[in-house]
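Each chain is listed here by its residues.
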Amino acid sequence: MSSSRHHSEDLPYVHKVGVPPKQDLLKEFTDTVKETFFADDPLRPFKDQPRSRQFVLGLQSVFPILEWGRDYNLTKLRGDLIAGFTIASLCIPQDIGYAKLANLAPQYGLYSSFVPPLIYAFMGSSRDIAIGPVAVVSLLVGTMLQDVIDPTENEVEYRRLAFTATFFAGITQATLGFFRLGFLIDFLSHAAIVGFMAGAAITIALQQLKGLLGIKKFTRKTDIISVMHSVWSTVHHGWNWETIVIGLSFLAFLLLAKYIGKKNKKLFWVPAIAPLISVILSTFLCISLMLKNMVFKLKGVNPPSLHEIYFTGVYVIKGFKIGVVVGLIALTEAIAIGRTFAAMKGYQLDGNKEMVALGTMNIVGSMTSCYVATGSFSRSAVNNMAGCRTAVSNIVMSCIVLLTLEVITPLFKYTPNAILSSIIISAVLSLIDIQAIVLIWKIDKFDFVACMGALFGVVFASVEIGLLIAISISFIKILLQVTRPRTTILGKLPRTNIYRNIYQYPEAAKVPGILIVRVDSAIYFSNSNYVKERILRWLTDEEEQLKENQLPRIQSLIVEMSPVTEIDTSGIHALEELYKNLQKREVQLNLANPGQVVIDKLHASNFANLIGQDKIFLSVADAVLSYAPKMEDL
């Protein structure tokens, strides 16, 4: 046990720093593994339960519908029916448009809103998330696949590669969930995601100028310079006035509907139903005008596609690479949406179960002619406002999509591409979160750099480059925070025994002859040398200032270690070097309030005996009192 010593008998009692009892190595390892991968203790409900009950709990764990389904009633069904019909009216026209972004035939967008939502309804733990194709993932699929196979010249191979990428996206998602590695997706910071989404929204909107203006020959590149060059180079001979009038008219209608829904929350159904109304009206208008050159055709329900997935050959590796990237982005978006609504409604979302559910639905989807599906924020918001109570709203939506594929298909036979472009533009505008960008600027300038880097990378280069920039900047921030932790000088607040940052509290006074430094991070091999050098620099600066003012020099250095949650061998070595350097300067090293893990390692390395166990204190106040009891009344 390390302790501080009494300098005089009338001093108050100074409590000793506790040293934890030695732990069994195996127990310590298992506790660490449990805390890392099983922090939520998923096996707790299975304890002390008979095998029959454990079997039921296991089924409920895999299929949460078996748990909440027991309490399902007509009141919940009513809310789910209304929500399901509402999001179906929104998803049908959006799916057709998003399939275009992925360079796939329109029916594949609808296929992806039929099978995956059904799978998720049985396996997912979120009550509010609405499943289907989304704009950003569709754009990512389209841009990455077309770099490998031309979708116009090799339509069949392109489609097969899309199913292959979807299969591996599902494998990636399910694997992360099964092995409880969901924390890996947290490495993409919120700021980077905001910037990436905004950049993708701008890119998607620019891509829709082809359909909105009726341009037939359009660049395959996604950067803004290439797109604008393609647009303006065809201004005199490539634009179609009929298409422009129809597209802009319905775009204005859709934006007006969104404005109405935003102003009056009770009219949430107006922006939800507006895209479907646009499709129906424009279809009848085009039939009457016989604008057959602006149409596409839909057909049938999901055909099996397992035989189309590449399991051998040159495209397997390429499909795997694309699937991993797309799967992670889709996973990040879905988990973020699920957590948002779970926090809003006060229930717990199991991230690892979500990953398994999302992965399973994409694996099954790849075998039933679907491409990557995930949670849609716009549909989930509408789903929530429409009064959904459970995931049954996804089942209702799937049934309506099935009905559309089987029965109502002729309605969409002459739907103009301009309408789909206007629907996509109105949908992706909500991805540009100006308020979030402004808030990021106010809170953290480095986060703002990450946000803008991702945005400009997507807009001026490509989706892949923007994603790479977003990930790179996020990792750079982590490295900077780990390798360059904050250290600060502490002073005593007047009329208290509390020591705080002198820059945060200007009234805090330094203790004569003592320098108190707080390290605000764990001390690892990556930052140990920096921490040592920074403390010595604080000491040098302070001594120069004291010498200049002809004040007594520093005789004691106190390192406040409350924020130091961990220390490794490099950290111990850095403290030893610091101690030797201070000895040469005739400055005493003291440590204040090391935590359980830290004090255990200080004793294991014999560092506590090196500096003297009486130089390790429970608090900064104890250390100051032990060294300079006369300073207590400062």
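So, how was this worked out
- Starting from 1, residues in each chain are numbered consecutively following that chain's sequence as written.
- Reporting in this predicted model follows two pLDDT cut-offs: at least 70 for local features of residues, and 80 or more for side-chain atom pairs to be given and counted; totals over whole chains, interfaces and linings ignore these cut-offs and use all residues.
- With hydrogens and water excluded, all non-hydrogen atoms of the structure serve as input to the side-chain values.
- Only the stretch in contact is used when a helix axis is fitted, and all axes are lines through C-alpha atoms; the angle between N-to-C directions ranges over 0 to 180 degrees.
- Under the scheme used here, helices are H or I runs from DSSP no shorter than 4 residues and strands are E runs no shorter than 2 residues, and both carry numbers assigned from the N terminus.
- Should an angle fall under 35 degrees it is called roughly parallel, over 145 degrees roughly antiparallel, and 65 to 115 degrees roughly perpendicular, with every other angle called oblique.
- Handedness of a helix crossing follows the sense of rotation of the near helix relative to the far helix, less than a right angle counterclockwise being left-handed and clockwise being right-handed.
- Throughout, a residue-residue contact means that at least one pair of heavy atoms, one from each residue, lies within 4.5 Å.
- Ten residues, namely Ala, Val, Leu, Ile, Met, Phe, Trp, Tyr, Cys and Pro, are considered nonpolar, four, namely Asp, Glu, Lys and Arg, are considered charged, and the remaining ones, Gly among them, are considered polar.
- For this analysis, a nonpolar core means a set of buried residues of the types Ala, Val, Leu, Ile, Met, Phe, Trp, Tyr and Cys, connected via side-chain atoms within 4.5 Å.
- Summary of the burial criterion: residues with accessible area below 20% of their type's maximum are buried, those above 50% are exposed, and those between are partly exposed, where the area comes from a 1.4 Å probe applied to protein chains only.
- Grid points spaced at 1 Å and placed over the protein atoms alone form the basis of the search, with a cavity being a set where a 1.4 Å probe fits but cannot get out and a pocket an open set showing protein on both sides within 12 Å along at least five of seven lines. Lining residues have an atom within 4 Å of a point.
- Grid points are joined across faces, edges and corners, and a volume is the space filled by probe spheres set on the points.
- By definition, two strands form a pair when at least two bridges between them are found by DSSP.

J.: Whenever I open this one, the packing of helix H9 (residues 190–207) against helix H18 (residues 417–428) confuses me. Can you help?
T.: When two helices pack together, you describe them by how their axes are tilted relative to each other and by the distance separating the axes. Here H9 crosses H18 at 165°, and the two axes come no closer than 9 Å. Judged by the angle between their axes, H9 and H18 are roughly antiparallel. Like other packed secondary-structure pairs, H9 and H18 cross with a definite hand, here left-handed. Between H9, through Ala201, Ile204 and Ala205, and H18, the contact on the second element is made entirely by Ile424, Ile425 and Val428. Broken down by class, the residue content of the contact of H9 with H18 amounts to six nonpolar, no polar and no charged.

J.: Please explain the nonpolar core as it appears in this structure.
T.: Soluble globular proteins tend to pack their nonpolar side chains together in the buried interior. Grouped together as the largest cluster of nonpolar side chains are 81 residues, with contacts concentrated most on Leu145, Phe196, Val326 and Val401. Residues in contact with Leu145, not counting those within four places in the same chain, are Tyr158, Leu161, Ala162, Ala165 and Ile322. Counting 36 residues, the second largest nonpolar core, distinct from the first, contains Ile523, Leu557, Leu578 and Ala608.

J.: In this structure, what is going on with empty space enclosed by the protein? I would like to understand it.
T.: If a probe as big as a water molecule is rolled over the atoms, it shows which places are left empty. According to the stated counting rule, one finds one cavity of 30 Å³ or more in the structure shown. For the largest cavity, the calculated volume is near 30 Å³. The wall of the largest cavity is formed by Ile523, Ser528, Val531, Lys532, Ile535, Gly571, Ala574, Leu575 and Leu578. Among the elements of the structure, helix H22 (528–548) and helix H23 (569–584) are those that each provide at least two residues to the lining of the largest cavity. Across the lining of the largest cavity, the residue classes break down as six nonpolar, two polar and one charged.

J.: How do you make sense of the sheet that holds strand S8 (residues 616–617) when you look at a structure like this?
T.: What links the strands of a sheet is backbone hydrogen bonding, and the strands pair in either a parallel or an antiparallel sense. Here six strands make up an open sheet; going across it, the order is S4-S3-S5-S6-S7-S8 and the pairing mixed. The sheet is open, and its two edges are formed by strand S4 (499–501) and S8, each paired on a single side. In this sheet, strand S5 (residues 514–519) lies alongside strand S3 (residues 487–492) in antiparallel orientation, the contact comprising three bridges. Counterpart to Thr487 in the pairing with S5 is Val519.

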